Amino acid sequence: MTPPIEFEIRRRTLLAGSAAIAMSAGLRPASAQDGAAASTPAGDSTTTVTLTVNGEPRELTVDNRVTLLDALREHLELTGTKKGCDHGQCGACTCTVNGERINSCLSLAVMHDGDEVETIEGIGTPEQMDPMQAAFVENDGFQCGYCTPGQISSARKVIEEIRAGIPSHVTGDLNAEIAITDAEIRERMSGNICRCGAYANILAAITQVAEDQA
Amino acid sequence: MRAFSYEKVADPAAAAARAAEVEGAKFLAGGTNLLDLMKLEIETPVHLIDVNGLGLDEVTETEDGGLRIGTLVTNTALSADERVRRDYPVLTRAIAAGASGQLRNKATTGGNLLQRTRCPYFYDTAMPCNKREPGSGCGALTEGAFSRQLGVIGTSDNCIATHPSDMAVAMRVLDATVETVTPNGMTRRIPLEEFHLLPGDTPQEENALMPGELITHVTLPAPVGGTQKYHKARDRASYAFALVSVALIRQPDGSGRVALGGVAPKPWRSDEADAELPNGARAVMAHLLEGARPTEENAFKITLAERALAAMLAEE
């Protein structure tokens, strides 16, 4: 029987290998293009941007194709923000830009020059957890934990969005104050998928934070 | 993803001029649909012109009492705008029924109108698609194809894709107009009714914009009042595209307007169908869906559209 540690090493080696293949397939240099005029970029394929990430200014020179998600993970080594589907469907990559939650996989790093980005690393630490992080722990709001940074980043903003009066699909009166109900939370969290199915406990965690803040 | 160069420009007219000048250039606004398609190499621009920061992110009031919505106003901001919630509630309802919270925070007004179809055969690059690769055929019209989500009217033998927007359906029922700047700096106004094109023999041509032309605003006429509703029927309760959606504005005298989403290559509405509203859902749909050519898999949309409207009329 293979000891767990050896399996872990093998798995990591395999992942690094396949990541390298994925990188070379996904990021073909311009010179490898077909050569026709319309397939040649009209200018530089890299851009320098300055982002404020978790309060710290960070200057980056990136290939224009690098998403905000990959800039955070691969260039700034902030791996708390997760890559799930990479197509905006799962919400694992959710972080906030200028105070609003977005899918960082569907945004280019070069679009965010001067923007303020907050990732899960900026929300709290194991020693000093944000109330939403503490509530997820207390309510077992996860199993494998992969979607959790995105869930927490989204959940904190869901409460703010309801309090700011931003209507949702399930909001009744569009011109009245919006109550924080299970239906409102569920609807607003629909862009964050949890394959372990921890939804009931995620809902409990968010409800608890909303009630504690009230 | 293919390599591309990237630039920011000084103003909307400069953006349009640059887009006309650089072959293979595209505008970049929210990026939520464009980047998705670039990752799949369905969209392969060689140059992106970032139009964020051009001051097109405000909703202002027009002289005739309507609203002028900047093309970069996000879906969230538009749906939450106090004037929209109060005077154009069908628009708030439609936007809130689409996508997810994260996407609505980034997706823009102009980008929403320009988003591409979610037809699975458009997305699957191993399959033929006349929209993606003109002349290659339509994967959705092959034997045994999955066409549950696809169009039933306004389609052609070359393409049965639908326009996926909810927002556009509400804007159509509100008689919105698209305002653009052309590469030579002129302003053009295109009624939303004429903005999206039917596929015919050229499904790759999806809208009335000329090369380089940039949407700058969408204007809404003065509020028309009435009871405004948006009903979206879909396979899950949230974060799914419409099988059928219905935008309804009904006046106290029973007259009104109806537009459908999820059934056609553009928001679907007709004056003849609107005129039948006092006579009920069946009369409306007899006109609105006259000449429909559904597949075996999506014929249910005809019944669903009628029942959805009947349910909305019965609610009052």
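About the cut-offs
- Residues numbered from 1 in each chain as written.
- Chains lettered and ligands numbered in written order.
- Predicted model: local features only at pLDDT ≥ 70, side-chain atom pairs only at ≥ 80, totals over all residues.
- Heavy atoms only, no water.
- Helix = DSSP H or I, 4+ residues; strand = E, 2+ residues; numbered from the N terminus.
- Axes fitted to C-alpha atoms, helices over the stretch in contact; angles between N-to-C directions.
- Parallel < 35°, antiparallel > 145°, perpendicular 65-115°, else oblique.
- Left-handed = near helix turned anticlockwise from the far one by under 90°.
- Contact = heavy atoms within 4.5 Å.
- Nonpolar A, V, L, I, M, F, W, Y, C, P; charged D, E, K, R; others polar.
- Buried area = accessible area lost by both parts, 1.4 Å probe.
- Salt bridge = Lys/Arg side-chain N within 4 Å of Asp/Glu carboxyl O.
- Polar contact = N/O pair within 3.5 Å; in protein donor to acceptor, adjacent residues only side chain to side chain.
- Buried < 20%, exposed > 50% of the residue type's maximum accessible area, 1.4 Å probe, protein only.
- Pairing = 2+ DSSP bridges.
- Domains from an automatic or database assignment.

### Examining unusual backbone geometry
Item 1. Located in the positive-phi region is Asn98 of chain A, a residue other than glycine, with phi close to 50°.
Item 2. Mapped onto the secondary structure, Asn98 of chain A falls in the loop between strand 3 (94-97) and strand 4 (100-103).

### Here we look at the packing of helix 4 (residues 131-138) of chain A against helix 7 (residues 199-213) of chain A
Residues and elements named next belong to chain A.
Item 1. Running from N to C, helix 4 and helix 7 cross one another at 135°; their axes reach a closest spacing of 8 Å. With respect to each other, helix 4 and helix 7 are oriented oblique. Crossing angle aside, the handedness with which helix 4 passes helix 7 is right-handed. Two secondary-structure elements touch here, helix 4 through Pro131, Met132, Ala135, Phe136 and Glu138 and helix 7 through Ile202, Ala205, Ile206, Gln208 and Val209.
Item 2. A breakdown of the residues in the contact of helix 4 with helix 7 according to their chemical character gives 8 nonpolar, 1 polar and 1 charged.

### Some words on the interface of chain A and chain B
Item 1. Facing the 49 residues of chain A at the interface are 43 residues of chain B.
Item 2. Each partner contributes to the roughly 3,800 Å² buried at the junction of chain A and chain B, and carbon and sulfur atoms together form 54% of this total.
Item 3. Taken together, the links from chain A to chain B amount to 1 salt bridge.
Item 4. Of the charged contacts, one joins Asp86 of chain A and Lys39 of chain B as a salt bridge, the two residues approaching to 2.9 Å between their closest N and O atoms.
Item 5. Between chain A and chain B we count 20 residue pairs in polar contact (both at pLDDT 80 or more) in total.

### Some remarks on the pattern of salt bridges
Residue and element names in this part refer to chain B.
Item 1. Evaluated as defined, the whole model comprises 31 salt bridges over all chains.
Item 2. In this structure, the salt-bridge partner of Glu41 is Arg2, at a minimum N-O distance of 2.9 Å. Taken together, the positions of Glu41 in the loop between helix 2 (34-39) and strand 3 (47-50) and Arg2 in the segment before strand 1 (5-8) put the pair 39 residues apart, joining distant regions of the chain.
Item 3. In this structure Glu41 comes out as partly exposed when scored by relative accessible area, which is 23%.
Item 4. Arg2 gets classed as partly exposed once you look at its relative accessible area, which sits at 22%.

### Details of the sheet that holds strand 7 (residues 187-191) of chain B
Residue and element names in this part refer to chain B.
Item 1. Pairing within the open sheet is antiparallel, and its 5 strands lie in the order 4-5-8-6-7. Looking at which strands have only one partner, the edges of the open sheet turn out to be strand 4 (59-61) and strand 7. Here the average twist between neighbouring strands, direction ignored, is 25°.
Item 2. As paired strands, strand 6 (residues 177-181) and strand 8 (residues 214-220) are joined by 5 bridges and run antiparallel to one another. Bridge pairing in strand 8 links Thr177 to Thr219.
Item 3. Across the sheet, helix 1 (residues 12-21) is in contact with strand 6 and strand 8; its angle to strand 8 comes to roughly 130°.

### Brief notes about helix 2 (residues 68-75) of chain A
Note: α-helices contain 3.6 residues per turn, so residues at a spacing of three or four share the same orientation.
Residues and elements named next belong to chain A.
Item 1. Among the 8 residues that make up helix 2, 6 are buried, leaving the element largely enclosed by the rest of the structure.
Item 2. Three or more residues of helix 2 are buried, namely Leu68, Leu69, Asp70, Ala71, Leu72 and Arg73.
Item 3. Lining the buried residues of helix 2 we find strand 1 (46-53), strand 2 (56-63), strand 3, strand 4 and strand 5 (116-118).
Item 4. Of the residues flanking the end of helix 2, it is Glu77, one or two places downstream, whose phi is positive at about 55°.

### Looking at the domain arrangement of chain B
Item 1. According to the domain assignment, chain B contains domain 1 (5-52) and domain 2 (227-314).
Item 2. Of note, the centres of domain 1 of chain B and domain 2 of chain B, computed from C-alpha atoms alone, are 35 Å apart.

### A few points about the sheet that holds strand 1 of chain B
To summarise the sheet geometry, strands pair through backbone hydrogen bonds and adopt either a parallel or an antiparallel arrangement.
Residues and elements named next belong to chain B.
Item 1. An order of 1-3-2 is seen for the 3 strands of this open sheet, with the pairing classed as parallel. Each of the sheet's edge strands pairs with one partner strand only, and the pair in question is strand 1 and strand 2 (25-28). When the angles between neighbouring strand axes are averaged without regard to direction, this sheet yields 25°.
Item 2. Note: strand 1 against strand 3, 4 bridges, orientation parallel. Among the inter-strand pairings, Tyr6 is bridged to a residue of strand 3, identified as Leu48.

### Things to note about the pairing of strand 10 (residues 244-250) of chain B
All names here are of chain B.
Item 1. Taking burial as the measure, the 7 residues of strand 10 include 7 buried ones, the bulk of the element.
Item 2. Residues Val244, Val246, Leu248 and Arg250 of strand 10 are buried on one face, and the alternating residues Ser245, Ala247 and Ile249, pointing to the opposite face, are buried as well.
Item 3. Of the pairings in the sheet, the one linking strand 9 (residues 227-233) to strand 10 comprises 7 bridges and is antiparallel in character. Residue pairing across strands places Lys229 opposite Leu248, the latter belonging to strand 10.
Item 4. Turn length for the strand 10-strand 11 (residues 256-261) hairpin, with the two strands adjacent in sequence and antiparallel, is 5 residues, and the turn residue Gly254 shows positive phi of about 95°.

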